[in-house]
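# Summary of the model geometry
Listed below, chain by chain, are the residues.
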Amino acid sequence: MRRSDLITLLALTFAAGPVAAEGALDRLRETGELRLGYRIDALPLSFADESGLPAGYTVEVCEAVGEKLAAALGIAELAPVFVPVTPEDQFDAVASGKIDLLCGAATVTLARRETVDFSIPTYVDGAAVLMAKGAAPDMAALAGKRIGVRGDTTTEDALRTTLAERGIEAEVVRFDDHQAGRDALSSGDIVAYFGDQTILIGLIMTSDAPDSFMTSDEMLTVEKQALALARGDDDFRLAIDRALSELYVSGQMQAMLLAALPGIEPGLALRALFLIAPDLP
């Protein structure tokens, strides 16, 4: 290759660099919109309310983060644009750029970090089991029975792992949404339904007969949850983490949690999260 051709090629390569490196913050500044993915069935963390509008603790957290981002970018407002997602497509929506932030009930795992990045933790949950009031809470009592779980979730993975480790044979029925699992439990089609403990509490709260259910004290997992964002955008992640840290330090995170889960007594893991999650300035 001639020297002049090499110089031209290098010039074109470096000239293209800034365009390719344009990150989410630049786009937010230009459009004034923050695209937020939310789950419609993960009550009380992320769901569609009776009017079909996004609601829940994590949704409120994302809205508060948007306000912090607008102030940091020096613009009057970042209009939230909500996009419904499912457990099957939520991380693809992040990786493809369809949404800027995932405001669902997303557990942080190494496998998922191959596809997306995560903010500092926003919640701590864990897989538990919902049963009819008075049922035997022991996992061994589920041997030979039909038990349910939301498909394509970390809870399903944890359930199958636990059954295998304990040598328990049971028929695992996969459901497309949590309400269908609760209804199957009510009708007797299954004897137990597994999910994140907070989601199970939400299922009880919205049931027509809340006194007919109970959750187990045993947790199959302890899972950190966070906001998912595209990989490789360090400036955007830093801005998100800074906004979350400010919300923690001001007490707004705790206030939003207690408003979304009235009467809940945060467990040890959640209390610890509120102490260790904020990053120092």
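Overview of the structure.

What follows deals with the overall build of the protein chain. A tally of regular secondary structure across the protein chain gives 10 helices and 13 strands. In terms of its C-alpha atoms, the protein chain occupies a principal-axis envelope of roughly 80 × 45 × 35 Å. A burial count over the protein chain gives 47% of its 281 residues as buried. Long-range contacts, defined here as pairs at least 24 residues apart, represent 76% of the contacts in the protein chain between residues at least 6 apart. Working note: accessible area of the protein chain is about 14,000 Å², and carbon and sulfur atoms make up 54% of it.

The subject of this paragraph is the nonpolar core. In this structure, Tyr 57, Val 65, Leu 69, Leu 101, Phe 236, Leu 244 and Met 253 are the most contacted members of the largest nonpolar core, which totals 41 residues. Only helix H2 (24-31), strand E1 (33-39), helix H3 (57-73), strand E7 (117-125), strand E13 (223-229), helix H8 (234-250), helix H9 (252-260) and helix H10 (268-276) provide two or more residues apiece to this core. Among the elements that make up this core, the one with the highest residue count is H3 (eight residues). Ranked by size, the runner-up nonpolar core spans 15 residues in total, among them Ala 127, Val 129, Val 172 and Ala 192.

The next point concerns the state of the cysteines. Applying the stated criterion across every chain, the model contains one disulfide. Covalent S-S linkage joins Cys 62 and Cys 103, the inter-sulfur distance amounting to 2.0 Å. The sign of the S-S torsion, about -105°, decides the handedness of the disulfide formed by Cys 62 and Cys 103: left-handed. Pair noted here: Cys 62 is in helix H3 and Cys 103 is in the loop between strand E6 (101-102) and E7, with a separation of 41 residues, a long-range link. Exposure class is identical for Cys 62 and Cys 103. Each is buried.

This next bit is on the packing of H3 against H8. Closest axis-to-axis distance for the H3/H8 pair is 9 Å, and the angle between their directions is 110°. In terms of orientation, H3 lies roughly perpendicular with respect to H8. Contact with H3, carried on its side by Val 61, Ala 64, Val 65, Lys 68 and Leu 69, involves Phe 236, Ala 239, Ile 240, Ala 243, Leu 244, Glu 246 and Leu 247 of H8 and no other residues of that element. Its residues assigned to classes, the contact of H3 with H8 comprises 10 nonpolar, no polar and two charged.

Scoring rules and cut-offs
Numbers given for residues are sequential positions, taken from 1 along each chain in its written order. In keeping with the predicted nature of the model, local features appear solely for residues at pLDDT of at least 70, side-chain atom pairs appear and are counted solely at 80 or more, and the whole-chain, interface and lining totals rest on all residues. The basis for the side-chain values is all heavy atoms of the structure; hydrogens and waters are excluded. Working definition: helices are DSSP H or I runs of at least four residues, strands are E runs of at least two. Numbering for both runs from the N terminus. Each residue is assigned to one of three classes by its accessible area relative to the maximum for its type, calculated with a 1.4 Å probe on protein chains only: buried under 20%, partly exposed between the two thresholds, exposed over 50%. Contact definition: two residues touch when any of their heavy atoms are within 4.5 Å. What sets the accessible areas is the Shrake-Rupley method with a 1.4 Å probe; for residues, cover comes only from the shown protein chains. To form a nonpolar core, buried Ala, Val, Leu, Ile, Met, Phe, Trp, Tyr and Cys residues must be joined to one another through side-chain atoms within 4.5 Å. What counts as a disulfide here is a pair of cysteine sulfur atoms lying within 2.5 Å. To obtain each axis, a line is fitted to C-alpha atoms, and for helices this fit is confined to the stretch in contact; angles are then taken between N-to-C directions over 0 to 180 degrees. Each angle is binned into one of four classes, with values under 35 degrees roughly parallel, values over 145 roughly antiparallel, values of 65 to 115 roughly perpendicular, and all other values oblique. For this classification, the nonpolar set comprises Ala, Val, Leu, Ile, Met, Phe, Trp, Tyr, Cys and Pro, the charged set comprises Asp, Glu, Lys and Arg, and every other residue, Gly included, is treated as polar.

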